Amino acid sequence: MPELRRVSVHGVELNVALAGSGPAVLLLHGFPHTWELWTDVMADLSDRYRVIAPDLRGFGASGPAASGYDAGTLAEDAGALLGALGVSSTAVVGIDAGAAPAFLLAMRRPGLVRRLVVMESLLGALPGAEDFLAGGPPWWFGFHSAAPGLAETVLEGHEAAYVDWFLNSGTLGDGVRPALRDAFVRAYTGREALSRAFAYYRALPESAAQIGQAVAAARLTVPTMALGARPVGAALERQLRPVADDLTGHVIEDCGHIIPLHRPRALLTLLRPFLAGEDAQAA
């Protein structure tokens, strides 16, 4: 089992799961998840790597924050966490809400981030996702970011059914193990927990502006792998292709949005060689 530790960064106490030893690998979750999204990945990688999986600020067991749910601040949280843990070089893996912070950390601090893996997300308004967005963004983006307090009011008391919809949809109907499902439901139950989660969506315009500014100022020089499944597919790879110097892309077949839990073996089959290539370059 991973060790759980409380680490204070930027005035927020982050709940962090730690496992293994060796080169660092930082894992950033999405919605409606916690660090436990990475349970299977951590168990596999911890034989060779020091795996670090925080709950993002305001999510899961991390402390609440009144603001700072934009991707730039979440990236700064990640950098400060690594500094507090004494990590000077890391691979970063981000999915869904964790992908944009992972990307911005690599853009802003390429000396810190050795390799980058992003999956099942879009990066702001970067070109390349037009086909995916042809019918408009996913319905919950608008619902979560509507009039402040509306989504929380509607969902309070119905959190389990709501989280279940995302877990079932994100695994193409297979669902996730009961213990993990219950952990996710607990993490997003209550008006305050919902409000903090939806603050990420309400900050998406600010995050998109940060991403746009980053690619206007510099290229992505860190070796990067973009992974897609259903529904995002290759859209993230297409967004990254014009701005990245070293990009590999894969779409995992018969896999839902929640790749680390739906198809962990397929993910690790791609992830391990990518990280091992980093080890070979460092040797």
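Just above, that's the structure.
Keep in mind it's a predicted model, so treat the numbers as computed, not measured.

1. Quick look at the pattern of salt bridges
Next, step 1: Scanning the model with the defined rule gives 15 salt bridges in all.
Next, step 2: Between Asp40 and Arg177 there is a salt bridge; the shortest N-O distance is 3.2 Å. Pair noted here: Asp40 is in helix H1 (residues 39–45) and Arg177 is in the loop between helix H6 (159–169) and helix H7 (178–187), with a separation of 137 residues, a long-range link.
Next, step 3: A residue is classified by how much of its surface remains accessible, and Asp40, at 19% relative accessible area, is buried.
Next, step 4: Note that Arg265 and Asp44 form a salt bridge whose closest N and O atoms lie 3.6 Å from each other. Of the two residues, Arg265 sits in helix H12 (residues 264–282) while Asp44 sits in helix H1, which places them 221 residues apart along the sequence.
Next, step 5: Residue Asp44 is classed as buried on the basis of its relative accessible area, which comes to 17%.

2. Overview of unusual backbone geometry
Next, step 1: For the bond running from Phe31 to Pro32, omega is -5°, close enough to zero to count as cis.
Next, step 2: Relative to the helices and strands, Pro32 resides in the loop between strand E3 (24–28) and H1.
Next, step 3: With an omega dihedral of 20°, the bond running from Arg230 to Pro231 counts as a cis peptide bond.
Next, step 4: Here His10, not a glycine, exhibits a phi torsion of approximately 50°, which is positive.
Next, step 5: With respect to the secondary-structure elements, His10 resides in the loop between strand E1 (3–9) and strand E2 (12–19).

3. A few points about the sheet that holds E2
Next, step 1: Ordered in space as E1-E2-E4-E3-E5-E6-E7-E8, the eight strands form an open sheet in which the pairing is mixed. Of all the strands in the sheet, just E1 and strand E8 (247–256) have a single pairing partner and so form its edges. For this sheet the average axis-to-axis angle between neighbouring strands, irrespective of direction, equals 20°.
Next, step 2: The sheet contact formed by E3 and strand E4 (residues 50–54) spans three bridges and is parallel. For Ala24, the partnering residue across the bridge sits in E4 and is Arg50.
Next, step 3: Against the sheet, helix H3 (residues 99–108) engages E3, strand E5 (90–95) and strand E6 (113–119), with an angle of about 155° to E6.

Parameters and conventions
Residues numbered from 1 in each chain as written. Predicted model: local features only at pLDDT ≥ 70, side-chain atom pairs only at ≥ 80, totals over all residues. Heavy atoms only, no water. Salt bridge = Lys/Arg side-chain N within 4 Å of Asp/Glu carboxyl O. Helix = DSSP H or I, 4+ residues; strand = E, 2+ residues; numbered from the N terminus. Buried < 20%, exposed > 50% of the residue type's maximum accessible area, 1.4 Å probe, protein only. Pairing = 2+ DSSP bridges. Axes fitted to C-alpha atoms, helices over the stretch in contact; angles between N-to-C directions. Contact = heavy atoms within 4.5 Å.

That is the geometry; function is a separate question.
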